[in-house]
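# Geometric and topological summary
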Amino acid sequence: MIKITGLHKSYHIGKNSLHVLKGINFNVNEGELVAIMGSSGSGKSTLLNIIGMLDVADEGIYTLDDNLIKDMDETKSAQYRNKFLGFIFQSFNLINYKTALENIALPLYYKGLKRMERQEIAMEYLTKVGLADWATHLPSELSGGQKQRVAIARAMVTQPKVLLADELTGALDSKTSTEVMDLIQKINAEGKTILVVTHEEDIAMMCKRIVRLKDGVIVEDKVVNQIKATTHV
Ligand code: ADP
Ligand code: MG
């Protein structure tokens with residue numbers, strides 16, 4: 001699904017440059033649940049943003065579902081993002097004046113679906129994340145865990161091939177974090193490929209594989225959980 005070879009990325013601030021990714025080789029197969037671990041500043045978000053086509057590498061080869069991701073204009077990369085990728089962020093990024101259902105339905109609006117169809121599909125995903133009764137509530141009326149569930153439903157509603165989550169439990173207490181990760185495991189058990197960036201060991205341990213970044217290189221890549229997440233469903 002994802003193939004990365006010899007990936008490099010530097011940031012340039014004035015005369016200074018910071019070499020953040022120094023030759024990353026990394027493949028992800030369909031159906032994997034991978035944690036990208038590392039301390040703050042180790043380049044996790046930089047790597048995830050390149051995978052998510054929100055940023056581009058300086059060097060290296062990246063293919064996503066057999067498509068070479070290279071030299072794309074903004075229109076084309078937006079098309080690919082919409083087709084292949086769903087994003088989940090630490091701060092949820094919900095629209096405050098829209099209800100839970102409307103937030104989930106929004107990506108379908110951009111896909112050009114009719115109103116009824118959008119509402120129907122959005123409701124299906126709201127139900128999937130256990131919030132069917134919260135459809136008409138605004139984000140301000142939801143707990144952190146509920147907001148993140150809405151964000152997960154929104155990321156899934158267009159049926160992307162891969163879900164990318166950057167510190168998705170970073171704003172949640174540990175009990176809620178575990179519940180959100182239970183949901184992530186359940187979605188993965190249904191076949192979705194998921195990448196979770198985290199600096200928290202216990203969150204990474206709830207994935208099936210841990211890739212550890214340090215000083216711009218992968219220092220460890222190990223399988224942690226061969227127990228089928230289906231036991232949680
Ligand atoms: P992580 O997600 O692991 O905390 P990041 O990928 O966000 O790490 O950042 C890696 C390094 O790159 C950090 O030192 C950070 O300050 C720097 N960095 C990240 N984004 C930028 C940017 N847009 N411009 C300059 N430096 C950046
Ligand atoms: Mg980060």
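Anything mentioned here points back to the structure above.
These numbers come from a predicted model, not from an experiment.

Moving on, we come to the environment of Val217. Inspection of the secondary structure puts Val217 in strand E10 (residues 217–223). For Val217, a relative accessible area of 30% puts it in the partly exposed group. For Val217 and Leu21, which are 196 residues apart along the polypeptide, the C-alpha to C-alpha distance reads 6.4 Å. Leaving out residues up to four positions away in the same chain, Val217 has contacts with Lys22, Ile24 and Arg212.

Of all the 6 residues making up strand E8 (residues 193–198), 6 are buried; the element is thus mostly covered by neighbouring parts of the structure. Covered by surrounding structure in E8 are Thr193, Leu195 and Val197 together with Ile194, Val196 and Thr198, the residues of both alternating faces. Direction of pairing for strand E3 (residues 33–37) relative to E8: parallel, over a ladder of 5 bridges. By the bridge assignment, Ile36 is partnered in E8 with Val197. Across 5 bridges, strand E7 (residues 162–166) lies against E8 in parallel orientation. Across the sheet, Ala165 pairs through a bridge with Val196, a residue of E8. Chirality of the crossover, the property in question, places the unit of E7, helix H6 (residues 174–189) and E8 among those that are right-handed.

It is worth spelling out the packing of helix H3 (residues 100–110) against helix H5 (residues 144–156) at this point. Contact pair H3 / H5: the axes reach a minimum separation of 7 Å and the direction vectors enclose 25°. Regarding the angle of H3 to H5, the classification is roughly parallel. Crossing hand, H3 versus H5: right-handed. On the side of H3, the interface is formed by Ala100, Asn103, Ile104 and Pro107, while H5 contributes Val150, Ala153 and Arg154. Looking at side-chain class alone, the contact of H3 with H5 contains 5 nonpolar, 1 polar and 1 charged residues.

What follows concerns the site of ligand 1. For ligand 1, the full set of nearby residues is Tyr11, Ile13, Leu18, Val20, Ser39, Ser40, Gly41, Ser42, Gly43, Lys44, Ser45 and Thr46. Gly43 places a polar main-chain atom, nitrogen or oxygen, 3.1 Å from an oxygen atom of ligand 1. In the model, an oxygen atom of ligand 1 is placed 2.8 Å from a nitrogen or oxygen of the Ser45 side chain. Burial of ligand 1 by the protein amounts to 60% of the accessible area it has alone, namely 570 Å². Going through the elements one at a time, strand E1 (2–13), strand E2 (16–28) and helix H1 (44–51) are the ones with two or more residues in the shell around ligand 1. Considered class by class, the residues forming the shell around ligand 1 number 4 nonpolar, 7 polar and 1 charged.

Before going further, it helps to spend a moment on the layout of surface pockets. Volume-wise, the largest pocket comes out at about 480 Å³. Together, 17 residues line the largest pocket, and Asn82, Leu85, Phe87, Pro107 and Arg154 are the ones closest to its centre. Its residues assigned to classes, the lining of the largest pocket comprises 9 nonpolar, 5 polar and 3 charged. Looking at the second largest pocket, its volume works out to about 370 Å³. Elements represented by at least two residues in the lining of the second largest pocket include exactly strand E4 (59–64) and helix H2 (74–84).

Strand order in the open sheet made by the 4 strands is E2-E1-E4-E5, with antiparallel pairing throughout. Edge positions in the sheet fall to E2 and strand E5 (67–68), since each of these pairs with one other strand and no more. Pairing between E1 and E4: 5 bridges, direction antiparallel. By the bridge assignment, His8 is partnered in E4 with Glu59. Most of the contacts of H1 go to E1, to which it runs at about 120°, and overall it touches E1, E2 and E4.

With respect to topology, 6 strands assemble into an open sheet ordered E6-E7-E8-E3-E9-E10, the strand pairing being mixed. Sheet topology places strand E6 (85–89) and E10 at the edges, where each strand pairs with a single neighbour. The mean inter-strand angle of the sheet, taken between neighbouring strand axes irrespective of direction, is 15°. Against the sheet, H2 touches E6 and E7, its axis set at about 80° to E6.

Definitions and cut-offs
Starting afresh in each chain, residues are numbered from 1 along the sequence in its written order. Ligands are numbered from 1 and chains lettered from A, in the order in which they are written. Per-residue local features of the predicted model are confined to residues with pLDDT of at least 70, and side-chain atom pairs are confined, for both listing and counting, to 80 or more; whole-chain, interface and lining totals are unaffected and use all residues. Excluded from the side-chain calculations are hydrogens and water; all other atoms, namely the structure's heavy atoms, are used. What counts as a helix is a DSSP run of H or I of at least four residues, what counts as a strand is a run of E of at least two, and both are numbered from the N terminus. Three labels apply to residues, based on accessible area from a 1.4 Å probe with only protein chains included: buried if under 20% of the type maximum, exposed if over 50%, partly exposed otherwise in between. The contact definition used throughout considers only heavy atoms, calling two residues in contact when any of these lie within 4.5 Å. Two strands pair if DSSP finds at least two bridges between them. A clockwise course of the path from the first strand over the helix to the second, judged with the strands pointing away from the viewer, identifies a crossover as right-handed. Every angle, taken between N-to-C directions, lies between 0 and 180 degrees, and every axis is a line fitted to C-alpha atoms, over only the stretch in contact when it is a helix. Angular relationships are summarised with four words: roughly parallel below 35 degrees, roughly antiparallel beyond 145, roughly perpendicular across 65 to 115, and oblique for the angles in between. Should the near helix be turned anticlockwise from the far one by less than a right angle, the crossing is termed left-handed; should it be turned clockwise, right-handed. The classification used treats Ala, Val, Leu, Ile, Met, Phe, Trp, Tyr, Cys and Pro as nonpolar, Asp, Glu, Lys and Arg as charged, and all other residues, Gly among them, as polar. Proximity criterion: a residue is near a molecule or strand once any of its heavy atoms comes within 4 Å of it. For this analysis, a polar contact is any N or O atom pair within 3.5 Å, provided that within protein one partner can donate a hydrogen and the other can accept it, and provided that sequence-adjacent residues contribute only side-chain to side-chain pairs. Residue burial considers only the protein chains on display, and all accessible areas are found by Shrake-Rupley using a 1.4 Å probe. Put simply, the grid is 1 Å and covers the protein atoms alone, a cavity is a trapped set of points that fit a 1.4 Å probe, a pocket is an open set with protein on both sides within 12 Å along at least five of seven lines, and lining residues have an atom within 4 Å of a point. Grid points are joined across faces, edges and corners, and a volume is the space filled by probe spheres set on the points.

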